[in-house]
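Structural overview
Here is what each chain is made of, one letter per residue.
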Amino acid sequence: MKIKQNIAVIGVGKMGTTLIESLLKNQVINPSQIYGTTVQEVHANRIKEKYQINTGTDNMAAVSKSDIIVLAVKPQMIPQVLKQIAPALSKEKFVISIAAAIRTTFIEEQLNNKNISVIRAMPNIASLVNEGMTVLCPGKFVEREQLELTLGIFRCLGKVETIYREELMDVVTALSGSGPAYSYMMIESLTDGGVRMGLPRELARKLAAQSVLGGAKMVLETGLHPALLKDEVTTPAGVTIDGLMELEDGGFRVALIKAIDRATHKSKQISQ
Ligand SMILES: NC(=O)c1ccc[n+]([C@@H]2O[C@H](COP(=O)([O-])OP(=O)(O)OC[C@H]3O[C@@H](n4cnc5c(N)ncnc54)[C@H](OP(=O)(O)O)[C@@H]3O)[C@@H](O)[C@H]2O)c1
């Protein structure tokens, strides 16, 4: 894919720069087609130097020169940014928002109900290492080509799925948005277990992380049910079944199910 349009990235923080870096690494766009903005001039200059893109602190100017507008500021900044850029938006441009808990209808309304296409995207931090999981949800004015283009953009960060029921974005946020944090906790705990039983910490961490990565890859690449894969590595009267029994006893499954339940409710609460 080659992107012909110009892209404005409003907020070149962690996620904004990850997106820019991935687009450039995948050579789907030229640096001169990207307009990034921040609050601080010094930050804008640093980003310009690093990626050779256009940067500045004027959101309106960046939007005027672009066709695709990516909103990558913190959710609480969104109303202010929309107010600034609304006059520069027209039907030929479209908006991609990665702000957690901000609904497409909210953005459409703040853009003065000019029928602007808005696509909500929920990426995750693993995009930094090209193993991101992004879920897209198109608003009601989005056209097929705009969605296709957005899929192409986020494929540069990892895997992408699309859903059409926006109420499900709360569980998406709780599952894949927050997901890396759950796996960090699992890796940390497995590492402590290894250390407790005598492994050097660095080695224990590597074994834990690679096992989580390997297990995830097996699920994705074989397409087999995780329960089947688990049964295949569980020898009768062997080592693994004892470990599994302890996990069951500690409420491992229920804890994870409840984590998604609770985090989904929190996301809903915030978006209201
Ligand atoms: N981090 C994640 O794992 C993750 C995952 C999914 C979605 N998201 C979403 O991604 C968005 C960005 O998160 P982040 O972690 O990248 O935040 P971040 O690192 O704090 O980046 C936000 C950037 O926005 C800039 N900014 C603030 N107000 C602005 C304004 N009025 N105009 C232009 N730029 C402005 C800041 O500029 P200065 O540096 O100059 O202050 C900063 O560079 C959030 O809405 C979040 O919900 C994040």
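Preceding this section is the structure that the text describes.
All of the points below concern the structure found in this document. (Residues numbered from 1 in each chain as written. Predicted model: local features only at pLDDT ≥ 70, side-chain atom pairs only at ≥ 80, totals over all residues. Heavy atoms only, no water.)

All of the buried residues along helix α7 (residues 169–177) are M169, D170, V172, T173, A174 and S176. Buried residues in α7 make contact with β6 (117–122), β7 (132–138), α8 (179–196) and α12 (252–271). (Buried < 20%, exposed > 50% of the residue type's maximum accessible area, 1.4 Å probe, protein only. Helix = DSSP H or I, 4+ residues; strand = E, 2+ residues; numbered from the N terminus. Contact = heavy atoms within 4.5 Å.)

Let us now look at the pattern of salt bridges. Where charged atoms of side chains with opposite charge meet at close range, the side chains can pair. One pass over the structure, following the stated rule, counts 7 salt bridges. Among the salt bridges present, the one from E166 reaches R120, with a minimum N-O distance of 2.8 Å. Within this pair, whereas E166 is found in the loop between β8 (158–162) and α7, its partner R120 is found in strand β6, the two being separated by 46 residues in sequence. Looking at E166, the relative accessible area reads 17%, which means it is buried. Note that R201 and D192 form a salt bridge whose closest N and O atoms lie 3.0 Å from each other. R201 sits in the partly exposed class, given a relative accessible area of 38%. Among the residues examined, D192 registers a relative accessible area of 36% and is labelled partly exposed. (Salt bridge = Lys/Arg side-chain N within 4 Å of Asp/Glu carboxyl O.)

Our focus in this paragraph is the sheet that holds strand β1 (residues 7–10). The strand order across the open sheet formed by 8 strands is β3-β2-β1-β4-β5-β6-β7-β8, and the pairing between neighbours is mixed. Where the open sheet ends on each side, the last strands, each with one partner, are β3 (54–56) and β8. This sheet shows a mean twist of 20° between the axes of neighbouring strands, independent of strand direction. For β7 and β8, the ladder comprises 5 bridges, and the chain directions are parallel. If you follow M133 over to β8, its bridge partner there is K159. Those strands touched by helix α6 (residues 144–155) are β1, β4 (68–71), β5 (94–97), β6, β7 and β8, and its axis lies near 155° from that of β8. Helix-sheet contacts for α7 involve β6 and β7, and the interaxial angle to β6 is about 35°. (Pairing = 2+ DSSP bridges. Axes fitted to C-alpha atoms, helices over the stretch in contact; angles between N-to-C directions.)

Contact pair helix α1 (residues 14–25) / helix α2 (residues 41–51): the axes reach a minimum separation of 12 Å and the direction vectors enclose 15°. The angle between α1 and α2 falls in the class roughly parallel. Relative to α2, the crossing made by α1 is right-handed. Contact residues: α1 offers T17, I20, E21 and L24, while α2 offers I47, K50 and Y51. Tallied by class, residues from the contact of α1 with α2 come to 4 nonpolar, 1 polar and 2 charged. (Parallel < 35°, antiparallel > 145°, perpendicular 65-115°, else oblique. Left-handed = near helix turned anticlockwise from the far one by under 90°. Nonpolar A, V, L, I, M, F, W, Y, C, P; charged D, E, K, R; others polar.)

What follows deals with the pairing of β1. Burial along β1 is two-sided: I7 and V9 facing one way and A8 and I10 facing the other are all buried. Two elements, β1 and strand β2 (residues 34–37), share 4 bridges in a ladder whose sense is parallel. Looking at the pairing, V9 lines up with G36 of β2. Where the polypeptide runs from β1 across α1 and back to β2, its parallel neighbour, the crossover connection is right-handed. (Right-handed = clockwise from strand over helix to strand, strands pointing away.)

What follows deals with the site of the ligand. In the vicinity of the ligand, 24 residues are found, and the nearest of them are K14, M15, H43, N59 and V73. Between K14 and the ligand, the recorded distance is 2.9 Å, taken from a backbone N or O atom to an oxygen atom. One nitrogen or oxygen atom from the side chain of K74 is found 3.4 Å from an oxygen atom belonging to the ligand. Considered on its own, the ligand offers 910 Å² of accessible surface; in the complex 82% of this is hidden by protein. Looking at the shell around the ligand residue by residue, the class counts come to 15 nonpolar, 7 polar and 2 charged. (Near = heavy atom within 4 Å. Polar contact = N/O pair within 3.5 Å; in protein donor to acceptor, adjacent residues only side chain to side chain. Areas by Shrake-Rupley, 256 points an atom, 1.4 Å probe, with all protein chains shown as cover.)

Take the packing of α7 against α12 next. Direction vectors running N to C along α7 and α12 enclose 130°, while the axes themselves pass 8 Å from each other. Viewed along their axes, α7 and α12 adopt a mutual orientation that is oblique. The way α7 lies across α12 gives a crossing that is right-handed. Judged by residue contacts, D170, V171, T173, A174 and L175 of α7 engage I260, A263, T264, S267, K268 and S271 from α12. Along the lines of polarity and charge, the residues of the contact of α7 with α12 split into 5 nonpolar, 4 polar and 2 charged.

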